[in-house]
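Chain residues, written in single-letter form:
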Amino acid sequence: MSNKVKMIEGRLTVPDNPTIPYVVGDGIGADIWDAAQGVFDAAVEKAYKGSKKVDWKEVLAGGKAFDLTGEWLPQETEDAFAQYLIGIKGPLMTPVGGGIRSLNVTLRQNLDLFVCLRPISYYKGIETPVKAPEKVDIVVFRENTEDVYAGFEISSSDPKVEKLKAFLKAEMGWDIKGETGLGLKPMSKESTERLVLEAVKYAIKNKRKVVTLVHKGNIMKYTEGAFRNWGYEAALREYPDFVTKDPKESDKILINDCIADAFLQNILLKPEAYDVVATLNLNGDYCSDALAAQVGGIGISPGANINYHTGVAIFEATHGTAPDIAGKNMANPSSVILSGKMMFEYMGWQEAADLLEKGISTTIASKKVTGDLASMMTGNPVTLGTKEYAALIIQNM
């Protein structure tokens, strides 16, 4: 039997021994991946008693790829994710203000992974600066391919910027003065609709009550305002039996919207008002990290980049590379482990996903955790190394 995951008539077909490409990642990537892979294999073995098993296939990206091949993102890596459909990765470095382009963004755009899926919820035992972190149970659908992340940007030192400024003044009447870098913020109806419809499908499938469109349409009327309008139109057109704008129709999913800055305020004041969120690329980056902070930080927040039409999905640790603690058995592997839980759910291996959830939640509640989590706990938490923490997760399955 083939070991490739396939998309057949719009549905994923997953063999019992799927090949899953993985990228170790930079910095702490090796530490957390080694720990996570052991946890994944233990969950699959415990759930399926040998009848299912992952065939892990390492592919290269980031610093390790550059050292071995001279390329930051070899074409073979993109091809592997496209060929096998499902993959997982550790954190990859991206220099600020120059150097290589974000490899994460490159993968999302080249493979058209139009949904960045970020579920954020609280784990008992972690103490955060907010009073009631347990009220946060929000799933963010972030548009992944457009907005200012599209890469249509030009430096103030590039001679072409003056040509562009002259064109904009002549054709649009926009007088852009001084030494200026310029960028474009595209937002298409097609990308809006496919994102919002996936958010609605998720709400229907998971019995969620509200889908909120988060935008800054009061200022950016023809990009973010259009996102809002197109989102409403698509949801109500495609799912009239399930979705409503009327709060009185309590038997349906309510679709509403919120200005981005108000949303960031409201998630502190009344997070329980939000359920599923659909938003643009930059807003999604801010909002998902802000929500993660309310429940303990991105160290325990999973993420996925998915094209629900082709089936291609890359699950990932959502945090940075933390080179200062790399190789010291200190890093927290929870983000990549929980991303693996999302991956197993996507594959239909719910039993393995449930074991990962049980292992993580039980371990965190026991207050035997890595140092970053221990620092957010009272009552004499026990600080464990990366390996020891992973071993306890396996024990607590």
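Cut-off values and rules
- Residues numbered from 1 in each chain as written.
- Predicted model: local features only at pLDDT ≥ 70, side-chain atom pairs only at ≥ 80, totals over all residues.
- Heavy atoms only, no water.
- Pairing = 2+ DSSP bridges.
- Helix = DSSP H or I, 4+ residues; strand = E, 2+ residues; numbered from the N terminus.
- Contact = heavy atoms within 4.5 Å.
- Axes fitted to C-alpha atoms, helices over the stretch in contact; angles between N-to-C directions.
- Buried < 20%, exposed > 50% of the residue type's maximum accessible area, 1.4 Å probe, protein only.
- Polar contact = N/O pair within 3.5 Å; in protein donor to acceptor, adjacent residues only side chain to side chain.

A. Structural detail: the sheet that holds strand β12 (residues 253–259). Taken in spatial order, the 11 strands make up an open sheet running β4-β3-β5-β15-β14-β6-β7-β13-β10-β12-β11, and their pairing is mixed. Sheet topology places β4 (55–58) and β11 (243–244) at the edges, where each strand pairs with a single neighbour. In terms of strand pairing, strand β14 (residues 302–306) meets strand β15 (residues 313–317) through five bridges, oriented antiparallel. By the bridge assignment, Gly303 is partnered in β15 with Glu316. Along the sheet, helix α6 (residues 189–205) makes contact with β6 (115–121), β7 (137–143), β10 (210–215), β11, β12 and β13 (276–279), crossing β7 at roughly 160°. Against the sheet, helix α10 (residues 334–347) contacts β3 (19–23), β4, β5 (86–89), β6, β14 and β15, and its axis sits at roughly 160° relative to β15.

B. Fine view of the environment of Thr145. With respect to the helices and strands, Thr145 occurs in the loop between β7 and β8 (153–154). In this structure Thr145 comes out as buried when scored by relative accessible area, which is 12%. As a C-alpha pair, Thr145 and Pro240 span 95 residues in sequence and 27 Å in three-dimensional space. If sequence neighbours within four positions are ignored, Thr145 has contacts with Arg108, Gln109, Asp112, Leu113, Phe114, Ala150, Ser191, Arg194 and Asn281. Side-chain polar atoms of Thr145 contact the side chain of Glu143, separated by 2.7 Å.

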